Each structure stands twice: as structure tokens, then as C-alpha cells.
Amino acid sequence: LRLLEKDNLFGPPRQLLGEVLRSDGDTEGAIRAERRVLDQAPGNISATWVLSTAYLDKEDTAAARALLEEKRAIFATNYLWKHSWALLLAAEGKQDEARQAMDEETLRFADVVFWATTPTADFYALLGENSKALDWLEKAVRNGDERISYFRRNPRLAPIRDDPRFRNIILSVEARRAAGH
């Protein structure tokens, strides 16, 4: 926040702030932050990703679609855009299109890019493929994503919350934290 106090238009900390706000449940704050980034840098794929995900958090698929359609011309071959598009299609209930959009290359991207791993769990949970969703959530935790309050709040993970594996994932993070790791 101090960086933003010094330079209100400095995009990288504002973009990060947007993702933190989104993860903490302040969807409207995240949307405001990411819109400001995109006002200054319309070609920022990371801000586009955070904003589209914030719209999905708000269950506003129309806004997410409008944003991603607007950015399609410049980002259609970008894996983060492709991942966002697949997640949108899954949120819209377009299962066949979603599976086609989440092709093998995009899944390989999600496998190695930290911030795309958890949304892949969201993707599979939305498709009703709970076992795959839990596999990706476990992978996200192994990669260091321990935002258990977000996992509990994330509307896209609702289909897997009552699964014993989900509870075990949460318990394992809590146990590591209690042990000081």
C-alpha cells in the first residue's frame, strides 16, 4: 500500500492488491483495483485474469464474458487468457466447450504456473469432476497455496466442500501451520 501512496498509478502493486482483495473476499475492491490497472494498461493480461476471476467470484458471467471477449484479439493465444476462457465456459455450464478450451497445453501451463493451479480445481469442480478438482486442489496446496479461508469461501469449490478429501486438505494446512511450518 505504501507504493500506491507514493504513486497512485503504479500498476504492479495495484494489480497485486486486486488479487489480495479478491482472495480475501472483497470482490468489489478487487474489481475497482483491476479496472484501474486496465485503464492505465489495457494490455495487462494478469489484470485481465484477476478481473475476470473477480467477476466469476461475483457470479457475473456476463461481465467476465464481455471482458474476455474484449481482450480476445490481443490475448487469444495466451495461456492465462485461454485458462480464464475455459473457466468462464465452465461457469456458464457449457461443459463441452469448456473441456475443449482447457486443452492439454493449457493444462500443462496450469500445472507449472502457481496462480493457475487453484483455478483449475475450480474448473473441474464446476464440471462436476470432483476427483479431478480435488487432485488439482491438492497440487495447489503442495505448490504453496494455503488460502484455506478462500477455499472455504470460493463459490466454485462448493461442490467439493463436503468431500472428506477437501476436509483433509484443509486439516493438513492447519496442522502445518500449527506446527510452525
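Residues numbered from 1 in each chain as written. Predicted model: local features only at pLDDT ≥ 70, side-chain atom pairs only at ≥ 80, totals over all residues. Heavy atoms only, no water.

What is the right way to look at the overall build of the protein chain in this model?
The helix and strand inventory of the protein chain stands at 12 helices and 0 strands. Secondary structure elements in the protein chain, listed N-terminal to C-terminal, are α-α-α-α-α-α-α-α-α-α-α-α. Taking 16 Å as the expected radius of gyration for a compact globule of 181 residues, we find that the protein chain reaches 16 Å, a close match to that expectation. Along the longest, intermediate and shortest principal axes, the C-alpha atoms of the protein chain span 45 × 40 × 25 Å. Looking at the protein chain as a whole, 46% of its 181 residues qualify as buried. Of the contacts formed within the protein chain by residues at least 6 apart in sequence, a portion of 55% connects residues at least 24 apart. When the accessible area of the protein chain is evaluated, it comes to approximately 9100 Å², of which 52% is carbon and sulfur surface. Computed over 27 positive and 29 negative side-chain charges, the separation of the two mean positions in the protein chain equals 3 Å. (Helix = DSSP H or I, 4+ residues; strand = E, 2+ residues; numbered from the N terminus. Rg over C-alpha atoms; globule rule 2.2 N^0.38 Å. Buried < 20%, exposed > 50% of the residue type's maximum accessible area, 1.4 Å probe, protein only. Contact = heavy atoms within 4.5 Å. Areas by Shrake-Rupley, 256 points an atom, 1.4 Å probe, with all protein chains shown as cover. Lys, Arg positive; Asp, Glu negative; His and termini not counted. Charge placed at Lys NZ, Arg CZ, Asp CG, Glu CD.)

Help me understand the confidence of the model for the protein chain, please; the structure alone is not making it clear to me.
In low-pLDDT segments, the atomic positions of the prediction should not be examined closely. When pLDDT is averaged along the protein chain, the result is 90, and 91% of the positions lie at 70 or above. Taken element by element, the protein chain is modelled with least confidence in helix α1 (residues 2-6), mean pLDDT 47, and with most confidence in helix α7 (residues 95-101), mean pLDDT 98. (pLDDT = per-residue confidence, 0-100.)

Just to check I follow, could you spell out the packing of aromatic side chains for this structure?
Working definition: an aromatic ring pair is given by the centre-to-centre distance plus the angle between the planes. Here the structure, examined in full by the defined rule, presents 3 aromatic pairs. Aromatic pair F123 and Y124: ring centres 5.0 Å apart, planes at 80°, arrangement edge-to-face. Geometry around W85 places R72 over its ring, the cationic atom sitting 4.4 Å from the centre. (Phe/Tyr/Trp six-rings, centres within 6.5 Å; stacked < 30°, edge-to-face > 60°. Lys NZ or Arg CZ within 6 Å of the ring centre and 35° of its normal.)

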